[in-house]
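In case you want the letters, here they are:
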Amino acid sequence: MILRDATEADLPGILAIYNDAVVNSTAIWNDTLVDLANRQAWLADRRTKRYPVLVAVQEGEVLGYASFGDFRPFDGFRVCVEHSVYVAEAARGKGIGARLVESLFAPARALDKKVMIGAITGGNQASVRLHERLGFVETGYMPGIGTKFGRRLDLVLMQKEL
């Protein structure tokens, strides 16, 4: 497996992982599937902002991806970013998510970011533990602020000083 910057050719794999998370998990709080044009626009936006999109690839297959973006669109938050990481179901539990998140630290520092934030669905203990192992600490718990699959969702905020 290799980690590298995503290319346009990786977008179908990224799209499949994203849409699987929409349909089958509470990792993404969207109900609507997206199309390839959506992921193309997302990648172009990340590139414009010099924000990385990394993929984990094995034998040409995208196993996972990670990126970061603005935490909030106000000048006062310019020192922090919020990351996201998604791994294909068949590739989970093999350390890919941790490697992807760790690979975001250096690009964030290079952009003079000081804090990386992870927003995790309450109850997702695997993700909380992954973040703890990477040096993130829980800084907020917001009960019932979202909904998906007809139920209320809690949000756990974790952050890491870069």
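In the block above lies the structure referred to throughout.
Below, the structure is looked at part by part. (Residues numbered from 1 in each chain as written. Predicted model: local features only at pLDDT ≥ 70, side-chain atom pairs only at ≥ 80, totals over all residues. Heavy atoms only, no water.)

1. Things to note about the overall build of the chain
For step 1, the next point in the chain: Counting its regular elements, the chain contains four helices and seven strands.
For step 2, the next point in the chain: The secondary structure elements of the chain, listed N-terminal to C-terminal, are β-α-α-β-β-β-α-β-α-β-β.
For step 3, the next point in the chain: Against the globule reference of 15 Å for 162 residues, the chain gives a C-alpha radius of gyration of 15 Å, in line with a compact fold.
For step 4, the next point in the chain: With the principal axes as the frame, the chain shows a C-alpha extent of 40 × 40 × 30 Å.
For step 5, the next point in the chain: Put simply, the chain has 162 residues, and 44% of those count as buried.
For step 6, the next point in the chain: Carbon and sulfur atoms make up 51% of the accessible area of the chain, which amounts to about 8,700 Å² in all.
For step 7, the next point in the chain: Within the chain, one finds 20 positive and 19 negative side-chain charges whose respective centroids are separated by 3 Å. (Helix = DSSP H or I, 4+ residues; strand = E, 2+ residues; numbered from the N terminus. Rg over C-alpha atoms; globule rule 2.2 N^0.38 Å. Buried < 20%, exposed > 50% of the residue type's maximum accessible area, 1.4 Å probe, protein only. Areas by Shrake-Rupley, 256 points an atom, 1.4 Å probe, with all protein chains shown as cover. Lys, Arg positive; Asp, Glu negative; His and termini not counted. Charge placed at Lys NZ, Arg CZ, Asp CG, Glu CD.)

2. Some thoughts on helix α2 (residues 36-48)
Count 3.6 residues to each turn of an α-helix, and residues three or four apart come out pointing the same way.
For step 1, the next point in the chain: The terminal C-alpha atoms of α2, which comprises 13 residues, lie 18 Å apart, in line with the 18 Å expected from a rise of 1.5 Å per residue.
For step 2, the next point in the chain: Turning to α2, its buried residues number three or more, namely Arg39, Trp42, Leu43 and Arg46. Along α2, the residues classed as buried sweep out an arc of 95° about the axis, all on the same side.
For step 3, the next point in the chain: Buried positions along α2 lie against α1 (11-24), β2 (53-58) and β3 (61-70).
For step 4, the next point in the chain: Two residues or fewer past α2, Arg50 is found with a positive phi of approximately 65°. (Expected span 1.5 Å × (residues − 1). Arc of directions from axis to C-beta. Contact = heavy atoms within 4.5 Å.)

3. Some points on the environment of Tyr51
For step 1, the next point in the chain: Relative to the elements of secondary structure, Tyr51 occurs in the loop between α2 and β2.
For step 2, the next point in the chain: Judged by relative accessible area, Tyr51 falls into the buried class, the value being 8%.
For step 3, the next point in the chain: Along the backbone, Tyr51 and Leu3 are 48 residues apart, and their C-alpha atoms lie at a distance of 16 Å.
For step 4, the next point in the chain: In this view, Tyr51 contacts Arg46, Phe68, Gly69, Asp70, Val81, Leu111 and Lys113; residues no more than four positions away in its chain are not counted.

4. As for the sheet that holds β2
For step 1, the next point in the chain: Read across the sheet, seven strands follow the order β1-β2-β3-β4-β5-β7-β6 without closing on themselves; strand pairing throughout is mixed. Among the strands making up the open sheet, the edge pair consists of β1 (2-5) and β6 (137-148). Within the sheet, the average angular offset between the axes of one strand and its neighbour, ignoring direction, is 25°.
For step 2, the next point in the chain: In this sheet, β3 lies alongside β2 in antiparallel orientation, the contact comprising six bridges. (Pairing = 2+ DSSP bridges. Axes fitted to C-alpha atoms, helices over the stretch in contact; angles between N-to-C directions.)

5. Digging into helix α3 (residues 96-110)
For step 1, the next point in the chain: In this model, α3 (15 residues) spans 23 Å end to end at C-alpha, consistent with the 21 Å of a helix rising 1.5 Å per residue.
For step 2, the next point in the chain: Among the residues of α3, Ile96, Gly97, Ala98, Leu100, Val101, Leu104, Phe105 and Ala108 are the ones counted as buried.
For step 3, the next point in the chain: At the C-terminal side of α3, Asp112 shows a positive phi close to 65°.

6. Looking at the packing of α1 against α2
For step 1, the next point in the chain: Close contact between α1 and α2 brings their axes to 10 Å; oriented N to C, the two are set at 110°. Taken together, α1 and α2 sit at an angle that is classed as roughly perpendicular. Residue-level inspection shows Leu11, Pro12, Ile14, Leu15 and Tyr18 of α1 in contact with α2, the latter providing Leu36, Arg39, Gln40, Trp42 and Leu43.
For step 2, the next point in the chain: Here the residues of the contact of α1 with α2 are counted per class, giving eight nonpolar, one polar and one charged. (Parallel < 35°, antiparallel > 145°, perpendicular 65-115°, else oblique. Nonpolar A, V, L, I, M, F, W, Y, C, P; charged D, E, K, R; others polar.)

7. Some points on the pattern of salt bridges
For step 1, the next point in the chain: Applying the stated rule across the entire model yields six salt bridges.
For step 2, the next point in the chain: One salt bridge in this structure joins Glu8 and Arg47, with 4.0 Å as the shortest N-O distance. Taken together, the residues Glu8 in the loop between β1 and α1 and Arg47 in helix α2 connect sequence positions 39 residues apart.
For step 3, the next point in the chain: Taking the relative accessible area as the measure of exposure, Glu8 reaches 42% and is therefore partly exposed.
For step 4, the next point in the chain: Across the salt bridge formed by Asp70 and Lys49, the nearest N and O atoms sit 3.9 Å from each other. Of this pair, Asp70 sits in strand β3 while Lys49 sits in the loop between α2 and β2, and the two are 21 residues apart along the sequence.
For step 5, the next point in the chain: Because the salt bridges share partners, they merge into one network encompassing Asp45, Lys49 and Asp70. (Salt bridge = Lys/Arg side-chain N within 4 Å of Asp/Glu carboxyl O.)

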